[in-house]
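Architecture at a glance
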Amino acid sequence: MLAPSLRRRMPGLISTAGIAMKILFAFENTLPNAEADAEVFVTTARYLGAHLDESWLHVPVARQNRHIASGLANMPIIRAFAPLKPAALRHFMCGLTIGLRREFHKADLVYTRNLWVAWMSILCGQRVVFDHYRPWPDQIPPLQRWLYKLFTHPRFLGSICHSDYTRRKYIELGVPAEKLRCIHNGFEPRRFQAPMALEAAKKLIGVAPDAKTVIYTGRVNHKKGLELVIEAAKQLPQLTFMFVGSYGEGPVETLARKVPNIMIVPWQTEATLGQYIYAADVLLIPPSLQPLAKFGSTVLPLKLFFYLGSGRPILAGNTPDVAEVLKHDETALLVQPDSLEALVNGLTALTEDGALAARLSAGAAADSQNYTWNARAGKIFATVQGWLEDAATAKPGHWGAAQEGVWKRESRRWFAHFARTRSVILPPGP
């Protein structure tokens, strides 16, 4: 039994049968917004909040949007002492001033996706749970030593990693495995409560019912591997390709408009996106390593979970992150990354073999129940309860000669890369 004095100092150190937790969720970007980071964080907070005794969302928000933000998160809004613009100053002030809020001290912990907010919360005496998708030790190596100190601090309870790929990068850094948990993202089942027949959906978006459609949804830009898809479209003129999510005229749009069987569609709202999903003979995640390895901007794209829930056939690349969730020949067709021949053959198989498409669709729909936002919140709640209970006996990290050597070597490579490209994300390399 814990002594009362220890309970007062560590109010969250309780069993799942004890008093529920109080969490201050801290988000550093404005609401509402359509970015994937906002959807992941706010939806996680909303579902996780249902498990809690009390919760708040600390966020920079305009006064007129406060009620909208509160509705999105289903919890009270604590307006951050931070300007809405510029972004760098907004992030800085969100972390610098979070300790001034009364709710910061009432909470059992701060739940954040921002490293600066996490660090400042710890310096102000609060405990932290971090939730992010990026493998920061690999992408910005000069931060490795500081990341190690942050992640092994006694008040840093643990990190929710969106992929095992990312989790392994922190283990290599010397962070105890017990402080790292891979919990994949999810989707909202209610978005599929009114399924639409394939032919009806095609008619609704202006495509012939007998057309074979290959549909990509998400940002249309050079970081998503869409150039490979454009080349595949040239070899498959019998298929109709749709890139759904354009913000205007960019290099990918310019290339795609030269190919007659590619349609460019503007960014869609939640209310209209489902029409395109249901109109797909194939839902496509471009099979390329570029988003993960070159740009580092995408690790397990959020659309993957949405695709799973739709019950439509999926084609993706057999990349380290995607293969954690999608199972080849069971829930999706996974092809060799960055291979035009493999992509063309895969699309041909899925659009010509009805039995294969139906089997993969059924497998995806069945497996999707493991990846709802509600299921994710339940896993996170149980994990955080365990971290709170074990906080007093948490294992120390290990920063030794191996980590020191990697830090120095990769930092040199990062500085050379930055000087050459002005990109802060270091791609994997020798």
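Residues numbered from 1 in each chain as written. Predicted model: local features only at pLDDT ≥ 70, side-chain atom pairs only at ≥ 80, totals over all residues. Heavy atoms only, no water.

Positionally, His58 belongs in strand β2 (residues 54–59). His58 has contacts with Leu24, Phe25, Ala26, Phe27, Ile78, Ala80, Cys94, Ile98 and Arg101, leaving out every residue within four places of it along the chain. (Helix = DSSP H or I, 4+ residues; strand = E, 2+ residues; numbered from the N terminus. Contact = heavy atoms within 4.5 Å.)

Before going further, it helps to examine the confidence of the model for the protein chain. Where the model shows low pLDDT, its predicted coordinates should not be examined in detail. Per-residue confidence for the protein chain gives a mean pLDDT of 91, with 93% of residues at or over 70. In this model residues 1–19 is a low-confidence stretch, pLDDT under 50, and it forms 26 contacts with partners more than four residues away in sequence or in other chains. (pLDDT = per-residue confidence, 0-100.)

For strand β5 (residues 128–132), a buried count of five out of five residues is recorded, marking the element as mostly surrounded by other parts of the structure. Of the two faces of β5, the one carrying Val128, Phe130 and His132 and the one carrying Val129 and Asp131 are both buried. Here strand β4 (residues 109–112) runs beside β5; their pairing, made up of three bridges, is parallel. Bridge pairing in β5 places Thr112 opposite Phe130. As for the winding sense of the linkage, the β-α-β connection from β4 through helix α6 (residues 115–123) to β5 is right-handed. Where β5 lies against strand β6 (residues 156–161), five bridges are found, and the strand directions are parallel. Bridging across to β6, Phe130 finds its partner in Ser159. (Buried < 20%, exposed > 50% of the residue type's maximum accessible area, 1.4 Å probe, protein only. Pairing = 2+ DSSP bridges. Right-handed = clockwise from strand over helix to strand, strands pointing away.)

Another aspect to go through is the sheet that holds β6. On the basis of which strands lie adjacent, the open sheet formed by seven strands has the order β3-β2-β1-β4-β5-β6-β7 and parallel pairing. With partners counted over all chains shown, the strands left at the sheet margins are β3 (77–79) and β7 (180–182), one partner each. Averaged over all pairs of adjacent strands, the angle between strand axes in this sheet comes to 20 degrees, irrespective of strand direction. Sheet analysis places strand β1 (residues 22–26) next to β2, joined by five bridges and oriented parallel. (Axes fitted to C-alpha atoms, helices over the stretch in contact; angles between N-to-C directions.)

Next up on the list: the packing of aromatic side chains. As enumerated under the stated definition, the model contains 19 aromatic pairs in all. Centre to centre, the rings of Phe305 and Tyr371 are 5.6 Å apart; their planes meet at 50 degrees, and the pair counts as tilted. In this pair, Phe305 is assigned in helix α15 (residues 303–310) and Tyr371 in the loop between α17 (354–367) and α18 (373–390), connecting sequence segments 66 residues apart. No difference in accessibility class separates Phe305 from Tyr371, as the two residues are buried. Relative to Phe415, the ring of Trp414 lies with its centre 4.9 Å away and its plane at 80 degrees, an arrangement referred to as edge-to-face. With relative accessibility at 10%, the residue Trp414 sits in the buried group. Given a relative accessible area of 49%, Phe415 falls into the partly exposed group. Three or more aromatic residues joined by ring pairs make a cluster, and in this case those are Phe25, Phe27, Phe41 and Tyr111. (Phe/Tyr/Trp six-rings, centres within 6.5 Å; stacked < 30°, edge-to-face > 60°.)

For sheets, the rule is that strands pair by backbone hydrogen bonds, running either parallel or antiparallel. If you walk across this open sheet you meet the six strands as β10-β9-β8-β11-β12-β13, and the pairing is parallel. Looking at which strands have only one partner, the edges of the open sheet turn out to be β10 (262–266) and β13 (333–335). Neighbour-to-neighbour, the strand axes of the sheet open up by a mean angle of 25 degrees, direction not taken into account. Of the pairings in the sheet, the one linking strand β12 (residues 314–317) to β13 comprises three bridges and is parallel in character. Among the inter-strand pairings, Ala316 is bridged to a residue of β13, identified as Leu334.

Taking 1.5 Å per residue, 14 residues should reach 20 Å; helix α2 (residues 36–49) reaches 20 Å between its end C-alpha atoms and fits that length. Buried residues of α2: Ala38, Val40, Phe41, Val42, Thr43, Thr44, Ala45, Leu48 and Gly49, and no others. Looking at the packing, one finds that the buried side of α2 touches β1, β2, α3 (66–73), β4, β5 and α18. (Expected span 1.5 Å × (residues − 1).)

Moving on to the pairing of strand β8 (residues 212–217). Counting buried positions over the six residues of β8 gives five, a clear majority of the element. Note that β8 and strand β9 (residues 239–246) share six bridges and pair parallel. Bridge pairing links Tyr216 to Phe243 in β9. In this region the chain leaves β8, passes through helix α11 (residues 226–235) and returns to the parallel neighbour β9; the handedness of that crossover is right-handed. One ladder, built from two bridges, connects β8 with strand β11 (residues 282–284); its direction is parallel. Bridge pairing in β11 links Val214 to Val282.

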